[in-house]
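# Report on the structure
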Amino acid sequence: MPAKWLKDAVFYEIYPQSFKDTNADGIGDLNGIVEKLDYIQSLGCNALWINPCYDSPFRDAGYDVRDYKKVAARYGTNEDLYRLFDEAHRRGIRVLLDLVPGHTSEEHAWFRASQSADQPNAYTNRYIWTNNWFCGSRGLNYIAGEAERASAYIVNFFKCQPALNYGFNRVEEPWQLPMDHPDCVATREAMKDVMRFWLSHGCDGFRVDMANSLVKYDDENKSGTSAIWKNVRAMLDEEFPEAALVAEWSCPSQALRAGYDMDFCLNNDDTGYSTLMRDYQGGGEDDSYFRKDAPARDINRFLKVYTRWYEDTKDLGYISLLTCNHDTVRPRFSLDIDELKLAYAFLFTMPGVPFLYYGDEIGMRYLDLPTKEGGYQRTGSRTPMQWDGSKNLGFSAGEAASLYLPVDPAADAPTVAAQEGDPDSLLNFTRKLLALRHAHADLQADAPFAVVSAEPNAPFVWRRGKLLLAVNPFGQARTVKCPAAGMTPVFTHGAAKVNADGIELGPQSFIVLE
Ligand code: GLC
Ligand code: CA
């Protein structure tokens, strides 16, 4: 059973290097997050996911961890992070850190020992080494020619990220250890030790990076990797029962059965996130559902997978919809401000626990930038938060050239300050939506969801508990037949009203009926 506080949780994802710089070195820091907690609270967000803030050579922006228990100097100190936990809790805000259990940096002390000529040692099998200095095996990426010991090692992502050894579900070669090998069990225990460390200092849980990929040659159901998470969950239930885990797995049917509270609905081929708001890959026509003039709009592209997951997992935990994250393009890439309002109206009234990526509440743009710290095309979604019209748009008092990434150079770059006083701004619309969600138990994570009307090229109508909701992303008015007679609006955006046999929806409108 998911932690109770998740029922009404709305997360705000913070990319720490790009949120708020308080010492003018051009890089966001933990004190900057503390400084902006009141702002985050004013949005209606009551939980944070902070991307990796640990000691790292930053070859994958911190997903290459050099020391799991130490805050990176550029963000501050461990004490600053403990203070952040405290200050957040005083405002009723929970804090999830990012756990990267699958791999470390090649500069991690475990890897330094594991690759050394001095063998065997306590870390010999902490990573996956082949028995040949020059090769790997089926389907696994290996690096040869880097280590002192005469073996090649398996990597998970970039070259700098050697895979930790949780064992193989099906062993094919003598050097592949089974999952119950004591050295593989030791890897799992080491990761539990990292979790205990942060949880005992006040952290409320973790977003787990590449959560589905720990055990190699796993079966279709990921039973090997799932067994590890079940073991972790048992520890949490016993020692930290309020702790929450959200998976980067994108298969809730597996993740929630493995003990996760939530799993992200990311892109899977032609389903998920990119059907609502376009992602990079989308060559050809942009027919994302919330585009006003999408050529072939069909909410069923999203629903066909979502509803299957939802029906399968609604009693186990939550699916997390997101405005975007640090790996995707920002939704402003394909949607304008009016379109974003409708997309957010949908995202923040669906079941599960929603995530808002910093800056999406003001419609920050995806910028076309050269790669930074292994970001490649993801870099454009990682630019500094734009607070106001002052130097560097309020992100940093440092020199523009020292900034982690440039701010939006456009004359109309969105900022918090410019949108604060405008009742129609995306910022204030987001606040209204989140206030609506908090005010109605029927809009929260576990209230029932049912599709009422989902025709291709038509508005979408759905039910949450006793509420009926409808969104019309078209630039023209539409009428939908549905049982709405006698219901009264609790929220209306654009022109929308009930008639005798359904709902009349003006261009780009949204309505919630009671
Ligand atoms: C996840 C992270 C991504 C990172 C990768 C490797 O997908 O979200 O940013 O590069 O894992 O850790
Ligand atoms: Ca700084």
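Residues numbered from 1 in each chain as written. Chains lettered and ligands numbered in written order. Predicted model: local features only at pLDDT ≥ 70, side-chain atom pairs only at ≥ 80, totals over all residues. Heavy atoms only, no water.

Oppositely charged side chains are able to pair whenever their charged atoms sit close together. Taken as a whole, this structure holds 36 salt bridges when the rule is applied. Note that Asp293 is salt-bridged to Arg291, the shortest N-O span being 2.6 Å. We classify Asp293 as exposed; its relative accessible area is 52%. Residue Arg291 is classed as buried on the basis of its relative accessible area of 18%. A single network of salt bridges, built from pairs that share partners, joins Asp38, Glu87, Arg90 and Arg91. (Salt bridge = Lys/Arg side-chain N within 4 Å of Asp/Glu carboxyl O. Buried < 20%, exposed > 50% of the residue type's maximum accessible area, 1.4 Å probe, protein only.)

Once that is clear, we can look at the domain arrangement of the protein. Looking at the assigned domains, one finds that the protein contains domain 1 (4–100 + 265–441), domain 2 (103–165) and domain 3 (448–513). Taken over C-alpha atoms, the centre of domain 2 sits 56 Å from the centre of domain 3. (Domains from an automatic or database assignment.)

Strands sit in the order S15-S16-S17-S22-S19 across an open sheet of five strands; the sheet is antiparallel. In this open sheet, the two edge strands, each paired with only one partner strand, are strand S15 (449–454) and strand S19 (489–493). Adjacent strand axes in the sheet meet at a mean angle of 15°, parallel and antiparallel pairs treated alike. Sheet analysis places strand S16 (residues 460–464) next to strand S17 (residues 467–472), joined by five bridges and oriented antiparallel. (Pairing = 2+ DSSP bridges. Helix = DSSP H or I, 4+ residues; strand = E, 2+ residues; numbered from the N terminus. Axes fitted to C-alpha atoms, helices over the stretch in contact; angles between N-to-C directions.)

All right, on to the coordination of the calcium ion (ligand 2) then. Note on metal geometry: ideal angles are 109.5 degrees for four donors arranged tetrahedrally and 90 or 180 degrees for six donors arranged octahedrally. All of the protein donors around the calcium ion (ligand 2) are Asp21 (OD), Asn23 (OD1), Asp25 (OD), Ile27 (O) and Asp29 (OD); their distances to the metal are 2.3 Å. Since its relative accessible area comes to 3%, Asp21 is described here as buried. (Donors = N, O, S within 2.8 Å, 3.2 Å for Na, K, Ca; no water.)

So, on to the site of ligand 1. Close contacts around ligand 1 come from 13 residues, with Asp60, Asp209, Glu248, His326 and Asp327 the closest. Between Asp60 and ligand 1, the recorded distance is 2.6 Å, taken from a side-chain N or O atom to an oxygen atom. The fraction of the free accessible surface of ligand 1 (310 Å²) that becomes covered by protein chains is 95%. Its residues placed into classes, the shell around ligand 1 shows three nonpolar, three polar and seven charged. (Near = heavy atom within 4 Å. Polar contact = N/O pair within 3.5 Å; in protein donor to acceptor, adjacent residues only side chain to side chain. Areas by Shrake-Rupley, 256 points an atom, 1.4 Å probe, with all protein chains shown as cover. Nonpolar A, V, L, I, M, F, W, Y, C, P; charged D, E, K, R; others polar.)

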